[in-house]
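Each chain, letter by letter, is given below.
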Amino acid sequence: MADKPLNRGFGRVLVFIYGVFALSATARAGVQIATKFREAPLAYSLSALAALVYIVATVALARSSATSRRVAWAAVGFELLGVLAVGTASLVDATAFPDATVWSDYGQGYGYVPLILPFVGLFWLWRTSRREPVAQTTAAKR
């Protein structure tokens, strides 16, 4: 049984949302780095990293090959770790983050969507992965 396509049904909505975040994070990081990098190099570098992760996740989710599925798992998993790590670090040491990033404060500036999105993405990847129906698995064991 083959994997279900990632980019069908709800997957199209997910690709659109990731695309919006890829564009917004890239624009934000570009402006921050070009105009005031010296003020908060860590925060702005993390904004650029978030933008890259969103771009990779968008492209991987938009395709449905076996390779793109593995890349999507890695990108969305890294996104989750990133938002949790940066979100926690920005609360623990606010002086290291004098300006907000996409992931700081768990994505508060974006309505916490950066915190929720990787969970939704991982659920979608899991939901569309190849699975044998329970009836076939049970019948094959007899």
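In this report, the structure presented in the accompanying data block is examined.

How each quantity is defined
- Residues numbered from 1 in each chain as written.
- Predicted model: local features only at pLDDT ≥ 70, side-chain atom pairs only at ≥ 80, totals over all residues.
- Heavy atoms only, no water.
- Helix = DSSP H or I, 4+ residues; strand = E, 2+ residues; numbered from the N terminus.
- Expected span 1.5 Å × (residues − 1).
- Contact = heavy atoms within 4.5 Å.
- Salt bridge = Lys/Arg side-chain N within 4 Å of Asp/Glu carboxyl O.
- Buried < 20%, exposed > 50% of the residue type's maximum accessible area, 1.4 Å probe, protein only.
- Axes fitted to C-alpha atoms, helices over the stretch in contact; angles between N-to-C directions.
- Parallel < 35°, antiparallel > 145°, perpendicular 65-115°, else oblique.
- Left-handed = near helix turned anticlockwise from the far one by under 90°.

**Here's the deal with helix α4 (residues 113–127)**
Taking 1.5 Å as the rise per residue, α4 with 15 residues should run 21 Å; its terminal C-alpha atoms sit 20 Å apart, in good agreement. Looking at the buried residues of α4, the elements they touch are α1 (10–36), α2 (41–62) and α3 (66–92).

**What about unusual backbone geometry?**
One non-glycine residue, Asp105, lies in positive phi territory at about 50°. Summarising the element assignment, Asp105 is placed in the loop between α3 and α4. Look at Tyr106: it is not a glycine, yet its phi comes out positive at around 60°. Residue position: Tyr106 is located in the loop between α3 and α4.

**Describing the pattern of salt bridges**
Side-chain pairs of opposite charge can arise where the charged atoms are in close proximity. Overall, the coordinates contain one salt bridge when judged by the stated rule. In this structure, Lys36 and Asp99 form a salt bridge, with 3.3 Å as the shortest nitrogen-oxygen distance. Taken as a pair, Lys36 in helix α1 and Asp99 in the loop between α3 and α4 lie far apart in primary sequence, 63 residues in all. Of the residues examined, Asp99 reaches a relative accessible area of 22% and is grouped as partly exposed.

**Brief notes about the packing of α3 against α4**
Axis separation between α3 and α4 bottoms out at 9 Å; the angle between their running directions is 150°. The angle between α3 and α4 places the two elements in the roughly antiparallel class. The handedness of the crossing between α3 and α4 comes out as left-handed. Residues Arg69, Ala72, Trp73, Val76, Gly77, Glu79, Leu80, Val83 and Leu84 of α3 form the contact with α4, whose participating residues are Pro114, Leu115, Leu117, Pro118, Phe119, Gly121, Leu122, Leu125 and Trp126.

So, to be careful, I would describe these as geometric facts and stop short of saying anything about function.
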